[in-house]
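# Inside the fold
Residues per chain are reported as follows:
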Amino acid sequence: MGLEAKLTQDGFLTTKIDALLAWSRKSSVWPMPMGISCCAIEMMAVGGPKYDIARFGSEVMRFTPRQCDLMIVAGTVTYKMSHVVKKIYDQMPDPKWVIAMGACTSSGGMYRSYPVVQGIDQFLPVDIYLAGCPPRPDNLLNALIQIQEKIGRTKGRDFQNKPLSELNVIQNN
Ligand code: SF4
């Protein structure tokens, strides 16, 4: 998890504000665990000592969306539940990222039926799709590492001057 920096002859470490911000962001990604069905059991396993998500700075699972950067949607999302998922996503502050964990979340999985959303990208911007039924906890950690690499490539201006329609406006009702 390197910070792009240079060590000068005088012993000073120099870097860019953009690099420092991206390094800070990617080193403390706080997940919003959106566990909906069986995939959530594997998601919970990453918090235990065996997989230990704390090694990646993401052990602070938050159940309040206003303190989260990363939504992990794990499970079969029905149309009825999709409104709840979208509302919680909208309440997360920008910038934010999304992992679709498992076949159901990514594509509806085996549920080719009218109540199930055939992939959460129908109503959310997804950054990583995670294959498996369910994916193993180490696959989820791999997805987190890929999100961190993605965040590491961002610049401060990527999140500035967004049109009003793209800003995260919290609805009161
Ligand atoms: S992908 Fe498999 S394990 Fe995950 S929610 Fe669907 S049926 Fe359950």
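Here we come to the overall build of the protein. Helix and strand content of the protein: five helices and six strands. Scanning the protein from its N terminus toward the C terminus, one meets helices and strands in the order β-β-α-β-α-β-α-β-α-β-α. In summary, the protein has a C-alpha radius of gyration of 17 Å against a globular reference of 16 Å for 173 residues, a match within 12%. When its C-alpha atoms are laid out on the principal axes, the protein stretches across 65 × 45 × 25 Å. Each of the 173 residues in the protein was classed as buried or not, and the buried ones make up 28%. In the protein, 77% of the contacts between residues at least 6 apart in sequence involve partners at least 24 apart.

With omega at -5 degrees, the peptide bond leading from aspartate 94 into proline 95 counts as cis. In this model, cysteine 133 is joined to proline 134 through a cis peptide bond whose omega is -5 degrees. Among the structural elements, proline 134 can be located in the loop between strand 6 (128-130) and helix 5 (137-152). Backbone geometry at aspartate 52 places phi at a positive 50 degrees, although glycine is not the residue there.

Moving on to the sheet that holds strand 5 (residues 97-101). Judged by pairing direction, the sheet is parallel, and its four strands sit side by side in the order 3-4-5-6 without closing on themselves. Of all strands in the sheet, those with a lone pairing partner are strand 3 (31-35) and strand 6, marking the two edges. This sheet shows a mean twist of 15 degrees between the axes of neighbouring strands, independent of strand direction. Pairing of strand 5 with strand 6 involves three bridges; the strand directions are parallel.

For the rest of this paragraph, the subject is the confidence of the model for the protein. Mean pLDDT over the protein: 88, with 91% of residues reaching 70 or higher. Overall, residues 169-173 carries pLDDT values under 50, and its contacts beyond four positions in sequence, including any with other chains, amount to three contacts.

Attention now goes to the site of the ligand. Surveying the vicinity of the ligand reveals the residues Ser37, Cys38, Cys39, Gly75, Thr76, Gly102, Ala103, Cys104, Gly109, Cys133 and Pro134. Per-class residue counts for the shell around the ligand are six nonpolar, five polar and no charged.

A few words now on the pairing of strand 3. Relative to strand 4 (residues 70-74), strand 3 runs parallel, the two being bridged by five bridges. Pairing of proline 31 across the sheet is with leucine 70, part of strand 4. Traced from strand 3 through helix 2 (residues 39-45) to strand 4, the parallel crossover comes out left-handed.

Ranked by size, the top nonpolar core spans 35 residues in total, and within it Leu70, Met71, Ile72, Val73, Ile99, Met101 and Ile147 carry the most contacts. Listed by contribution, the elements that provide at least two residues to this core are strand 3, helix 2, strand 4, helix 3 (79-91), strand 5, helix 4 (103-107), strand 6 and helix 5. When neighbours within four sequence positions are excluded, isoleucine 147 is seen to be in contact with Val29, Leu70, Trp97, Ile99, Asp127 and Ile128.

Moving on to the pairing of strand 4. Burial within strand 4 is extensive, with five of its five residues counted as buried. Going residue by residue along strand 4, you find Leu70, Ile72 and Ala74 tucked away on one face and Met71 and Val73 tucked away on the opposite face as well. Of the strand pairs in this sheet, strand 4 and strand 5 are connected by five bridges, and their pairing is parallel. Bridge assignment links leucine 70 to a residue of strand 5, and that residue is tryptophan 97. Taken together, strand 4, helix 3 and strand 5 constitute a β-α-β crossover, and its handedness is right-handed.

About the thresholds
- Note on numbering: residues in each chain are counted from 1, in written sequence order.
- The model is predicted, so local features are restricted to residues of pLDDT at least 70 and side-chain atom pairs to those at 80 or more, both for listing and for counting; the totals for chains, interfaces and linings are taken over all residues.
- Helix and strand labels come from DSSP, where a helix needs a run of H or I of at least four residues and a strand needs a run of E of at least two; each type is numbered from the N terminus.
- In this description the radius of gyration comes from C-alpha coordinates, and the expected globular size is given by 2.2 Å times residues to the power 0.38.
- To sort residues by burial, count the other C-beta atoms lying within 10 Å of each one's C-beta; a count of 20 or more means buried, 12 or fewer means exposed, and anything in between means partly exposed. C-beta atoms are built from the backbone.
- We call two residues in contact if the C-beta atoms placed from their backbones are at most 7 Å apart.
- Only strands joined by at least two bridges in the DSSP assignment are considered to pair.
- Only the stretch in contact is used when fitting a helix axis, every axis being a line fitted to C-alpha atoms; angles between N-to-C directions are given from 0 to 180 degrees.
- In predicted models, pLDDT denotes the confidence assigned by the predictor to each residue on a 0 to 100 scale.
- We count a residue as near a molecule or strand when its backbone-placed C-beta atom lies within 6 Å of that partner.
- Charged means Asp, Glu, Lys or Arg here, nonpolar means Ala, Val, Leu, Ile, Met, Phe, Trp, Tyr, Cys or Pro, and polar covers whatever is left, Gly included.
- Handedness is read with the strands pointing away from the viewer; a crossover is right-handed when the path from the first strand over the helix to the second is clockwise.
- Think of a nonpolar core as buried Ala, Val, Leu, Ile, Met, Phe, Trp, Tyr and Cys residues, each tied to the set through C-beta atoms within 7 Å.

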